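Each chain, letter by letter, is given below.
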Number of protein chains: 2
Amino acid sequence: MARRSDHSREELQEMALEAAERILDTQGEAALSARKVATEIGYSAGALYLVFQNRDDLCWQLNGRTLQKLLTALEHVNCEDPIECLKQFAEIYLTFATVWTPRWSLLFEHRSADDVDAPQWLSNRIDELFRKLEQPLAQCFPQLDQAAISQMARTLWGGVHGVTILSLRDKLFLNQQADPRQMLDDLVETYVRGASVKGSM
Amino acid sequence: MARRSDHSREELQEMALEAAERILDTQGEAALSARKVATEIGYSAGALYLVFQNRDDLCWQLNGRTLQKLLTALEHVNCEDPIECLKQFAEIYLTFATVWTPRWSLLFEHRSADDVDAPQWLSNRIDELFRKLEQPLAQCFPQLDQAAISQMARTLWGGVHGVTILSLRDKLFLNQQADPRQMLDDLVETYVRGASVKGSM
DNA sequence: GCAATATATTGAACAGTGTTCAGAATGTAA
DNA sequence: TTACATTCTGAACACTGTTCAATATATTGC
């Protein structure tokens with residue numbers, strides 16, 4: 001039995017989340033069970049319910065961390081050319097999804113059993129991600145208003161997300177020589193070019 | 001006890017798949033259990049293992065049917081203008097995903113526990129889907145070779161898929177007034193326009 | 001230092017899951 | 001009618017998330 005007050009609530013929660021990430025990384029989502037996480041940190045399964053509402057709650061918290069990690073990775077983009085900037089975003093996104101596949105999958109595929117929506121703080125962080133994209137897009141299209149830029153960002157990023165997902169589950173790509181990075185570059189460049197010539201047609 | 005030879009193997013399998021789809025449609029993927037399917041058709045859970053290797057196999061077969069259904073829905077596209085054609089494809093895709101969300105989710109999110117790849121016949125049907133797109137694209141860009149068209153189709157469809165997915169899990173769209181159909185139209189039109197002016201720049 | 005109290009943690013239990021397989025139920029042939 | 005072959009069940013196993021009475025430990029009051 002773990003001795004009482006060996007760890008504070010916060011410590012316990014942090015330990016559990018780290019253990020969960022370790023399991024996720026090495027054994028995949030299917031292996032992510034309460035008992036496994038608990039064993040990993042030397043507690044019983046029941047103890048997890050002192051710091052998490054349920055399995056869903058644990059997943060949401062994992063997703064919060066994953067999203068934060070992704071945002072941090074995207075921080076490193078810094079170049080003058082806005083198109084180059086968008087391309088780098090896309091490339092980092094793809095790399096992140098490739099390196100952290102189980103965490104990334106959980107982030108985008110986890111849904112609660114009962115139709116509980118994602119917590120608000122998670123939505124806020126997603127909003128943050130989109131704002132990052134709006135910046136270079138606004139630079140490309142200074143004549144467009146915020147609503148138009150916002151929609152472009154979501155459309156383009158939906159596209160990047162889709163190519164990334166289909167690339168990861170490679171069953172959807174039969175010609176093996178197709179490089180997803182090249183596809184993303186193409187998507188970003190072509191989309192922005194198409195939007196540029198819209199007015200002048 | 002179900003009487004022996006009440007149904008042939010094929011009948012049993014068909015009944016099970018239909019029952020599974022009913023459960024999927026009304027109660028979601030989480031509710032799709034062997035015992036529930038079996039009860040629904042008046043057999044015991046064990047009987048399912050006479051016609052399915054395991055739960056995964058049942059899911060793959062469901063996905064085969066879903067993909068077939070999707071392909072059939074896409075048959076109805078028929079118009080002269082290739083861009084209009086692509087837009088219709090995208091719209092049908094979105095509608096299908098909206099109407100048959102649980103089946104569509106299973107199709108794109110189901111992965112076997114052990115890294116078993118999707119069966120070959122499923123990959124073939126996906127290839128069929130891509131070929132449908134290559135036709136109007138080839139019409140738009142007669143100067144490009146097959147490999148380039150093939151890659152364009154996959155890039156564009158990755159985009160459509162991504163926008164569809166992010167739209168269905170609406171948590172990713174904070175400004176509610178954005179219409180996914182409009183976003184898909186924009187994506188298709190802008191991408192094709194961008195690709196059109198590539199040579200002439 | 002010791003008893004009383006409060007709380008952190010466990011471990012057994014419950015209902016569910018996928019899966020297997022001995023044996024019962026049923027049809028067919030001799 | 002008996003023997004055989006096949007179909008199907010139902011109990012069992014190991015797992016899951018989750019709850020909660022009981023227990024082990026720490027803190028407080030004396």
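Residues numbered from 1 in each chain as written. Chains lettered and ligands numbered in written order. Predicted model: local features only at pLDDT ≥ 70, side-chain atom pairs only at ≥ 80, totals over all residues. Heavy atoms only, no water.

## Details of the packing of helix α4 (residues 82-99) of chain A against helix α7 (residues 146-168) of chain A
All names here are of chain A.
Part 1 of the argument: Close contact between α4 and α7 brings their axes to 10 Å; oriented N to C, the two are set at 35°. Here α4 and α7 pass one another in a crossing that is right-handed. Here α4 contributes Leu86, Phe89, Ala90, Tyr93, Leu94, Ala97 and Thr98 to the contact with α7, which in turn contributes Leu156, Trp157, Val160, His161, Thr164, Ser167 and Leu168.
Part 2 of the argument: Class assignment for the residues of the contact of α4 with α7 results in ten nonpolar, four polar and no charged. (Axes fitted to C-alpha atoms, helices over the stretch in contact; angles between N-to-C directions. Helix = DSSP H or I, 4+ residues; strand = E, 2+ residues; numbered from the N terminus. Left-handed = near helix turned anticlockwise from the far one by under 90°. Contact = heavy atoms within 4.5 Å. Nonpolar A, V, L, I, M, F, W, Y, C, P; charged D, E, K, R; others polar.)

## Re the relation of the copies chain A and chain B
Part 1 of the argument: Least-squares fitting of chain A to chain B yields an RMSD of 0.0 Å, with the transformation described by 0.0 Å of translation along the axis and a rotation of 180°. Taken together, these values place the two copies in the relation of a two-fold axis.
Part 2 of the argument: When the interface residues of chain A are mapped onto chain B, 100% of them are again interface residues, pointing to one common binding face. (Least-squares fit on C-alpha atoms with pLDDT ≥ 70 in both.)

## Focus: the packing of helix α4 (residues 82-99) of chain B against helix α5 (residues 101-109) of chain B
Residue and element names in this part refer to chain B.
Part 1 of the argument: It is at 5 Å that the axes of α4 and α5 come closest, and there the two elements cross at 105°. Considering the angle they form, α4 stands roughly perpendicular to α5. Contact residues: α4 offers Tyr93, Phe96, Ala97, Thr98 and Val99, while α5 offers Thr101, Trp104 and Phe108.
Part 2 of the argument: Classifying every residue of the contact of α4 with α5 gives six nonpolar, two polar and no charged. (Parallel < 35°, antiparallel > 145°, perpendicular 65-115°, else oblique.)

## Quick word on the interface of chain A and chain B
Part 1 of the argument: The interface of chain A with chain B comprises 41 residues on the first partner and 41 residues on the second.
Part 2 of the argument: Overall, the association of chain A and chain B removes approximately 3,900 Å² of surface from exposure, summing both partners, and the carbon and sulfur fraction of that is 64%.
Part 3 of the argument: Seen at the junction of chain A and chain B, the total is two salt bridges.
Part 4 of the argument: Elements represented by at least two residues in the side of chain A that touches chain B include exactly α5 (101-109), α6 (120-140), α7 and α8 (180-196) of chain A.
Part 5 of the argument: The element contributing the most residues to the side of chain A that touches chain B is α7 of chain A, with twelve residues. (Buried area = accessible area lost by both parts, 1.4 Å probe. Salt bridge = Lys/Arg side-chain N within 4 Å of Asp/Glu carboxyl O.)

## A closer look at the domain arrangement of chain A
Residue and element names in this part refer to chain A.
Part 1 of the argument: If you check the domain split of chain A, you get domain 1 (1-52) and domain 2 (56-196).
Part 2 of the argument: Every contact between the two is made by twelve residues of domain 1 and, on the other side, nine residues of domain 2.
Part 3 of the argument: Taking both partners together, domain 1 and domain 2 bury about 1,200 Å²; carbon and sulfur atoms supply 61% of that area.
Part 4 of the argument: If you sort the residues of domain 1 by the area they bury against domain 2, Glu21, Leu24 and Phe52 come out on top, with a joint share of 43%.
Part 5 of the argument: Along the contact surface separating domain 1 from domain 2 lie four salt bridges.
Part 6 of the argument: Inspection of the domain 1/domain 2 interface yields four residue pairs in polar contact (both at pLDDT 80 or more).
Part 7 of the argument: Grouping the constituent residues of the side of domain 1 that touches domain 2 by class yields six nonpolar, one polar and five charged. (Domains from an automatic or database assignment. Polar contact = N/O pair within 3.5 Å; in protein donor to acceptor, adjacent residues only side chain to side chain.)

## Some words on the confidence of the model for chain A
Part 1 of the argument: A residue-level look at chain A finds 90% of positions with pLDDT of 70 or above and a mean pLDDT of 89.
Part 2 of the argument: When pLDDT is averaged over each element of chain A, helix α2 (residues 34-40) of chain A comes out on top at 97 and α6 of chain A at the bottom at 88. (pLDDT = per-residue confidence, 0-100.)

## Observations regarding the pattern of salt bridges
Residue and element names in this part refer to chain B.
Part 1 of the argument: The final tally for this structure, using the stated rule, is 28 salt bridges over all chains.
Part 2 of the argument: For Asp25, the salt bridge is made with Arg103, and the minimal N-O distance between the two is 2.6 Å. Note that Asp25 is positioned in helix α1 (residues 9-27) and Arg103 in helix α5, a separation of 78 residues in sequence.
Part 3 of the argument: Judged by its relative accessible area of 10%, Arg103 is buried. (Buried < 20%, exposed > 50% of the residue type's maximum accessible area, 1.4 Å probe, protein only.)

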